[in-house]
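This is what each chain is made of:
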Amino acid sequence: MGRPDDYLEQRAHLAGLSDEHLERRFWKLTEQIVEPLVELARTHTSPSIERSVLMRMGIDSPTANAVADAVSKRGLLGHGAGHVVWHCARAWETDVRIAAHRLAAGEGWETVEERWGGHHAA
């Protein structure tokens, strides 16, 4: 049993769109698909999960604990502690381990605040 070739019928509603419009449509649909996954990750994480992520990034356990706790206290856990460290490492043009150590020591949180805003939660 073969599938009928109905490609031209299926794409008829897209035929008049320019490459620019097709690209915009692609990204809009992609965002619609990914948004529930992003929200699920944002609402279903914990300091323990974030510590695990940091350790898999090569960050030692005491530093990972300090960063995950600080990220949690700032209400930024949903952004991901690894994402926070990665952002700082890029901003400071350094390794993620160095960025994590700085954050664990209480340094550089202004970089995080510039990216995600001020203190979200106590």
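Look up a bit, the structure's there.
The rules behind the values
- Residues numbered from 1 in each chain as written.
- Predicted model: local features only at pLDDT ≥ 70, side-chain atom pairs only at ≥ 80, totals over all residues.
- Heavy atoms only, no water.
- Core = buried A, V, L, I, M, F, W, Y, C linked by side-chain atoms within 4.5 Å.
- Buried < 20%, exposed > 50% of the residue type's maximum accessible area, 1.4 Å probe, protein only.
- Helix = DSSP H or I, 4+ residues; strand = E, 2+ residues; numbered from the N terminus.
- Contact = heavy atoms within 4.5 Å.
- Axes fitted to C-alpha atoms, helices over the stretch in contact; angles between N-to-C directions.
- Parallel < 35°, antiparallel > 145°, perpendicular 65-115°, else oblique.
- Nonpolar A, V, L, I, M, F, W, Y, C, P; charged D, E, K, R; others polar.
- Expected span 1.5 Å × (residues − 1).
- Bend = angle between axes of the 7 residues up to and from the residue.

Peer 1: It is not clear to me how the nonpolar core should be interpreted in this structure. Could you clarify?
Peer 2: Within soluble globular proteins, side chains that are nonpolar generally end up buried alongside one another. With 22 residues, the main nonpolar core has Leu 54, Val 71, Val 85, Leu 103 and Val 112 as its most contacted residues. Looking at this core, the elements with two or more residues in it are helix H4 (61-73), helix H5 (81-92), helix H6 (96-104) and helix H7 (109-116). Here the element with the most residues in this core is H5; it accounts for six residues. Discounting chain neighbours no more than four positions away, the residues touching Leu 54 are Ile 59, Ala 64, Val 67, Ala 68, Ala 81, Gly 82 and Val 85.

Peer 1: Which parts of the structure should I look at to understand the packing of H5 against H7?
Peer 2: Geometrically, a packed helix pair is captured by the angle between its two axes and the distance between the axes. Packing of H5 against H7 leaves a shortest axis separation of 10 Å and a crossing angle of 105 degrees. Classified by the angle their axes make, H5 and H7 are roughly perpendicular. Along the contact surface, H5 presents His 83, Val 84, His 87, Cys 88, Ala 91 and Trp 92, while H7 presents Trp 109, Thr 111, Val 112, Arg 115 and Trp 116. For the contact of H5 with H7, a count of residues per class yields seven nonpolar, three polar and one charged.

Peer 1: Whenever I open this one, helix H2 (residues 19-43) confuses me. Can you help?
Peer 2: It helps to recall that an α-helix has 3.6 residues per turn; residues three or four apart then point in one direction. In this model H2 runs 36 Å from its N-terminal to its C-terminal C-alpha over 25 residues, within 8% of the 36 Å that 1.5 Å per residue would give. Val 34 marks the point of greatest bend in H2, at about 35 degrees, and the proline Pro 36 comes within the next four residues.

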